[in-house]
Amino acid sequence: MRVTIKDIARLANVSTTTVSRVINNKDEGVGSETRKRIQQIIKDLNYKPSSLARGLVTKKTKSIGLVLPDITNPFFPDLARGVEDYSVNKGYNAFLCNSDNNGEKEKIYINALMEKHVDGLVITSTHNLEEKHILELMENKIPIVILDRRFKSKDLHGVYTDNFSGAYEAVRYLIQNGHKSIGCITGPLDTSISKERFEGYKKALKDNGIKYNDRFIVQSNFKIDGGIKASEELLKNKEITAIFACNDLMAYGVYKTARKLKLNVPEDISVIGFDDISLSQIVTPTLTTVSQPVYEMGYEAAKMLISLIEGKVLKRKVKKLSTKLVVRESTTKKGIQGDVKLD
Ligand code: RIB
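Residues numbered from 1 in each chain as written. Predicted model: local features only at pLDDT ≥ 70, side-chain atom pairs only at ≥ 80, totals over all residues. Heavy atoms only, no water.

Novice: When you look at the packing of helix α1 (residues 5-12) against helix α2 (residues 16-23) in this model, what are you seeing that I'm missing?
Specialist: The relative placement of two packed helices is expressed as an angle between their axes plus a distance between the axes. Between α1 and α2, whose axes approach to 8 Å, the crossing angle comes to 110°. Taken as axis vectors, α1 and α2 run roughly perpendicular relative to one another. Contacts between α1 and α2 involve I5, K6, I8 and A9 from the former and T16, V19, S20 and I23 from the latter. Along the lines of polarity and charge, the residues of the contact of α1 with α2 split into five nonpolar, two polar and one charged. (Axes fitted to C-alpha atoms, helices over the stretch in contact; angles between N-to-C directions. Helix = DSSP H or I, 4+ residues; strand = E, 2+ residues; numbered from the N terminus. Parallel < 35°, antiparallel > 145°, perpendicular 65-115°, else oblique. Contact = heavy atoms within 4.5 Å. Nonpolar A, V, L, I, M, F, W, Y, C, P; charged D, E, K, R; others polar.)

Shown next as structure tokens:
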């Protein structure tokens, strides 16, 4: 049978309030002998305070919820790891929910986490440009940090990377290497990250006097199968000499299509991804990609959330981290074999 606070109180011959004070380290009014006696009984009976019961007293459960859109993408476990490491260090448990890119599932999980009285939420929302449900959440006054994908509302706290500049750098790099017909495989354009990366692509073309061509763009789903289908479409166009895929998984899809069409990467087609998940150093050829500080993003989001839970007032609501282009083997000068480095 589960040992309760009442059992401890009875054995120590004190009130449950006194036991509760010792458990919650609020020792005022409890003599040191009594405290030691209570602590010994707790130890002997291997008593574990119920977080629910404890929450009734402290109004805190020392837990946070983390809602992610797709744990099959290795980007997200790394992100979750950052959230978890910071939270655990601070004495919080992090509960992970995977929405599977399904807006309805996301809402169900958020509600379930609220019912479990988590102290705050870190959310990477799918289709995040429909922000109604998040704004409703804010009315509940629970601390929230939005991670990776931006919402329009200026009231939300968030941690993001500079998706626009990351994409801009990647496409500029291709242009510097002689590519003019550059395909772009975007993610779903109802996410801020896809829009920003696509804007970065367009701006790099514009700044370098290259005309935007609608036929070079395919909207996809951030997955390998989406990258395969999109590149099958794009590579029908023989002009295209390079593809910017808006995440690494879709870039692997381009590799698969290129193999099927007997095209070599990078000699026939240069490929750049976005994320720098660890597999990108291992695939053949290794992938040139825009590196996001994934673990740090998760870590910073948890740091921001726990500060909010602890009632701290933050100087800035948004933390924007930088990306970095990592040049590997999947890109080369148009029509020339060999490695090319940025100036
Ligand atoms: O949902 C997929 C993408 O969102 C990831 O690959 C990463 O780019 C993130 O921002």
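Novice: Can you walk me through the state of the cysteines in this structure?
Specialist: Two cysteines joined by a covalent bond between their sulfur atoms form a disulfide. Following the criterion strictly, the structure yields zero disulfides and no others. Considering cysteine sulfurs only, C246 is the nearest to C184, which forms no disulfide, with 4.2 Å between them. (Disulfide = S-S within 2.5 Å.)

Novice: In this structure, what is going on with the site of the ligand? I would like to understand it.
Specialist: Taken together, N73, F75, F76, D148, R149, I193, R197, F222, N247, D275 and Q292 make up all the residues around the ligand. Interatomic distance of 2.9 Å between a side-chain N/O atom of R197 and an oxygen atom of the ligand. One nitrogen or oxygen atom from the side chain of Q292 is found 3.5 Å from an oxygen atom belonging to the ligand. For the ligand, whose unbound accessible area comes to 270 Å², protein coverage reaches 98%. Broken down by secondary-structure element, the contributors of at least two residues to the shell around the ligand are α5 (75-89) and α9 (192-207). Tallied by class, residues from the shell around the ligand come to four nonpolar, three polar and four charged. (Near = heavy atom within 4 Å. Polar contact = N/O pair within 3.5 Å; in protein donor to acceptor, adjacent residues only side chain to side chain. Areas by Shrake-Rupley, 256 points an atom, 1.4 Å probe, with all protein chains shown as cover.)

Novice: Can you help me understand the pairing of strand β1 (residues 63-68) in this one?
Specialist: Moving residue by residue along a regular strand, the side chains alternate between the two faces of the sheet. Burial within β1 is extensive, with six of its six residues counted as buried. Here β1 shows a buried face lined by S63, G65 and V67 and a second buried face lined by I64, L66 and L68. Two strands pair when backbone bridges link them, and β1 and strand β2 (residues 93-98) are joined in this way by six bridges, in the parallel orientation. Along β2, the bridge assignment pairs V67 with C97. Here β1 runs beside strand β3 (residues 120-123); their pairing, made up of four bridges, is parallel. Note on β3: the bridge partner recorded for I64 is G120. (Buried < 20%, exposed > 50% of the residue type's maximum accessible area, 1.4 Å probe, protein only. Pairing = 2+ DSSP bridges.)

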